[in-house]
Amino acid sequence: MKKIFILIATGLLLIGCGNKRGELVGVKQKKWFPEKPFGMTLVEGGAYIMGKADDDMAQLQNAQAKTVTVRSFYMDETEITNSEYRQFVYWVRDSIALQMLADKVEELNEEVGTDGIGAYAFADADTSDISVFQRYMKETYYDDNENTYANRPLNWDEDIEWGTEDYVDLAYVEVMDELYLPPEVWYNGEMKLDVNKLKYRYRWFDAEQAAFDRKKDPNLRGRSNYIYEEDNLEIYPDTTVWIKDFNYSYNEPMHNDYFSHPAYQDYPVVGVSWDQAVAFCVWRTSYKNSYQKASNKPLVNYFRLPTEAEWEYAARGGIPSGIYPWGSPYLLNDRGCFLANFKPLRGDYSSDQAMYTVEAKSYLANDYNLYNMAGNVAEWTGSSYDPGAYEYVSSLNPNLSLSNEKRKVVRGGSWKDVAYFLRVSSRDYEYKDTSRSYIGFRTVQDYLGSEKVKIK
């Protein structure tokens, strides 16, 4: 009788909680409407033959033909530009400045919210103006931390004054002075930011390795062993690549102006390593989700580098056997103009109307509305390089991701490459900590909407 009573009571409790007459109705969440990310295009998933569709001219035997299937994803229409990457650089710069200013307020025990440096205090400094949760986190985790100021929320509502004539007080001057190079290394009378101090910190979880280890040992528990932290990554592009990549060549104007001058703001960013490209993806995700949280909207999934298979599928533009993104085996259109930015003929850089890079939205897009999938700058992918990878990777969303492999796949060819590297099936690689004047990147995001179903 006691068991029966418990069951009845439980049933009444569930009904009382609004369980719709005891029916299985599921847990209702907010309706998800897929939103196309700004500047991206949807590449609908499908199957294709990845690898060489023609003769392996270079006899590399590293791209054997194989039928694979990839899921739908969004991809940037263009390579990430100088302007877009500068947004990342400026955010890191501002966050470091806000952290240093807030630290100074704590050090001087300044009154919070004053007209001076006190306006830049941590967002939780005034405990009367924070939520119960924020107060709990501050008292439980932040105040007892070895670094008292670690992880405390910054005051992004206060604009940073970068003009020296607008500095608010001497304490502010002292903090800002730490961000710049000393006067003895200035030239042309210009204050120079110490870009080596622009470092980005983030955490990431290696779900793939955790799953592999769990497969070997089903009793394995805990995720702490698979959470890694990158806390010392310099994110400013290496502008010296324009000089280092070309011995005995005059490229100083590109070194001086390419990343910083507004004339090049719509050109693809270069001098960015694979590690820096990954950091950009992490920041872009965090930046977007901070808006989603503030707007009480569902979080978006991660921005990331495309896998090698995704990149080739997108580059083909729906043309199964195309050699180049535009489909035909020719490099010229019917008017005799080159269809991409590369090194044609016998090394005549200017015959395609461009000596270096061109604006990211140049030449014609392929049938997926993606620009410069061949030429301009080669592009990092998220895949590790192995000449024989095609022989053993999965045929469903294939990807080789090895944490101990420093070589990363680079695709698409660049402004300084011959036509062979512009082919959609051509593979190349570079070491992940290396930056070049001819390698950039674009990002992708998984598509979470419903798949298109065709009824025959």
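All of these numbers come straight from a predicted model, not from anything done at the bench.

## Notes on the overall build of the protein chain
At step 1: Looking only at helices and strands, the protein chain features 9 helices and 12 strands.
At step 2: By its C-alpha atoms, the protein chain is 80 × 80 × 40 Å across when sized along the principal axes.
At step 3: By residue count, 42% of the 456 residues in the protein chain fall in the buried class.
At step 4: Surface exposure of the protein chain reaches about 26500 Å², of which carbon and sulfur atoms provide 51%.
At step 5: Side chains of the protein chain give 51 positive and 69 negative charges; the mean places of these two sets differ by 12 Å.

## Quick notes on the packing of aromatic side chains
At step 1: According to the stated counting rule, one finds 33 aromatic pairs in the structure shown.
At step 2: Ring plane angle 45° and centroid distance 6.1 Å describe the contact between Tyr313 and Tyr368, whose orientation is recorded as tilted. Of this pair, Tyr313 sits in helix α9 (residues 308–316) while Tyr368 is found in the loop between α9 and β8 (378–384), placing the two residues 55 residues apart along the sequence.
At step 3: The class of Tyr313 is buried, set by a relative accessible area of 8%.
At step 4: Both rings, one in Tyr420 and one in Phe421, keep their centres 5.3 Å apart while their planes meet at 80°; by these two values the pair is edge-to-face.
At step 5: Accessibility expressed as a relative area gives 27% for Phe421, which makes it partly exposed.
At step 6: Pairwise contacts between aromatic rings join Tyr85, Phe88, Trp91, Trp156, Tyr200, Tyr202, Tyr236, Phe259, Phe280, Trp283, Tyr287 and Phe441 into one cluster.
At step 7: Of note, Arg93 hangs over the ring of Trp162, and the distance from its end group to the ring centre comes to 4.2 Å.
At step 8: One residue, Arg284, lies across the ring of Phe303, its end atom 4.2 Å from the ring centre.

## Quick word on the side chain of Thr357
At step 1: Residue position: Thr357 is located in the loop between α9 and β8.
At step 2: A distance of 3.0 Å separates a polar atom in the side chain of Thr357 from a polar atom in the side chain of Tyr258.
At step 3: Residues within four places of Thr357 in sequence aside, it is in contact with Trp242, Tyr258, Tyr267, Pro268, Asn341, Asn376, Val377 and Trp415.

Rules used in this analysis
Residues numbered from 1 in each chain as written. Predicted model: local features only at pLDDT ≥ 70, side-chain atom pairs only at ≥ 80, totals over all residues. Heavy atoms only, no water. Helix = DSSP H or I, 4+ residues; strand = E, 2+ residues; numbered from the N terminus. Buried < 20%, exposed > 50% of the residue type's maximum accessible area, 1.4 Å probe, protein only. Areas by Shrake-Rupley, 256 points an atom, 1.4 Å probe, with all protein chains shown as cover. Lys, Arg positive; Asp, Glu negative; His and termini not counted. Charge placed at Lys NZ, Arg CZ, Asp CG, Glu CD. Phe/Tyr/Trp six-rings, centres within 6.5 Å; stacked < 30°, edge-to-face > 60°. Lys NZ or Arg CZ within 6 Å of the ring centre and 35° of its normal. Polar contact = N/O pair within 3.5 Å; in protein donor to acceptor, adjacent residues only side chain to side chain. Contact = heavy atoms within 4.5 Å.

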